[in-house]
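Tertiary structure, described
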Amino acid sequence: MSDTTVREIDLPPVQQPAAGQPALALDLAFVPSLRVRAQVVLGHAELTVGALRAMKRDDVVELDRFVDAPIDLVIDGHVVARGTLVAVGEHFGLRVLEAPQP
């Protein structure tokens, strides 16, 4: 049998918000430090499983974007910015050209 201690706690009564006020006031100071996974999407292609299985070195998969089209920065399935592909040392990067204003 486990040795569990149970204690009652007192909670303050729930206050009803004034008219026009948010029902839940949140301190969102922590939000800037939250991490999200971002995807940089060059384009999309639809292939059959057979085409995927037959793929070999030097084959080309044609995407649905033009060469000079902006590239999407996607968070949780939503495009949050657009830009161009750049080289950053030995890595790729995204130079943001369009982003929503906070």
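Our structure is the block above this text.
Quick summary incoming for the structure in this document. (Residues numbered from 1 in each chain as written. Predicted model: local features only at pLDDT ≥ 70, side-chain atom pairs only at ≥ 80, totals over all residues. Heavy atoms only, no water.)

1. Thoughts on the overall build of the protein
Just so we agree on the cut-off: Helix numbering and strand numbering both begin at the N terminus, where a helix is a DSSP run of H or I of at least 4 residues and a strand a DSSP run of E of at least 2. All radius of gyration figures rest on C-alpha atoms, and the globule criterion is 2.2 Å times the number of residues raised to 0.38. Here's how the labels work: a residue is buried when its accessible area is under 20% of the maximum for its type, exposed when over 50%, partly exposed in between, all with a 1.4 Å probe on protein chains only. Any two residues having at least one pair of non-hydrogen atoms within 4.5 Å are treated as being in contact. Using the Shrake-Rupley algorithm and a 1.4 Å probe, accessible areas are obtained, with residue cover drawn only from the displayed protein chains. The sign given to each residue is positive for Lys and Arg and negative for Asp and Glu; His and the chain ends receive no count. All charge positions are set by atom: Lys at NZ, Arg at CZ, Asp at CG, Glu at CD.
Tallying secondary structure elements over the protein gives 1 helix and 4 strands in all. Starting at the N terminus, the α and β elements of the protein follow one another as β-α-β-β-β. Relative to its length of 102 residues, the protein is extended, with a C-alpha radius of gyration of 25 Å against a globular reference of 13 Å. Taking the principal axes of the C-alpha coordinates as reference, the protein spans close to 70 × 50 × 30 Å. Burial statistics for the protein: of 102 residues in total, 10% are counted as buried. Sequence separation of 24 or more characterises 27% of the internal contacts of the protein that already satisfy a separation of 6 or more. For the protein, the exposed area adds up to about 10200 Å²; of that, 56% sits on carbon and sulfur atoms. Here the protein contributes 9 positive and 14 negative side-chain charges, whose respective centroids are spaced 7 Å apart.

2. Some words on the environment of glycine 43
Checked against the element boundaries, glycine 43 lands in the loop between β1 (38-41) and α1 (49-54). Residue classification places glycine 43 among the buried positions, given a relative accessible area of 17%. Each C-alpha atom, one on glycine 43 and one on glutamate 62, is 9.0 Å from the other, the two residues being 19 residues apart in sequence. Not counting the four nearest positions on each side in its chain, glycine 43 is found in contact with Leu63, Asp64 and Arg65.

So, to be careful, I would describe these as geometric facts and stop short of saying anything about function.
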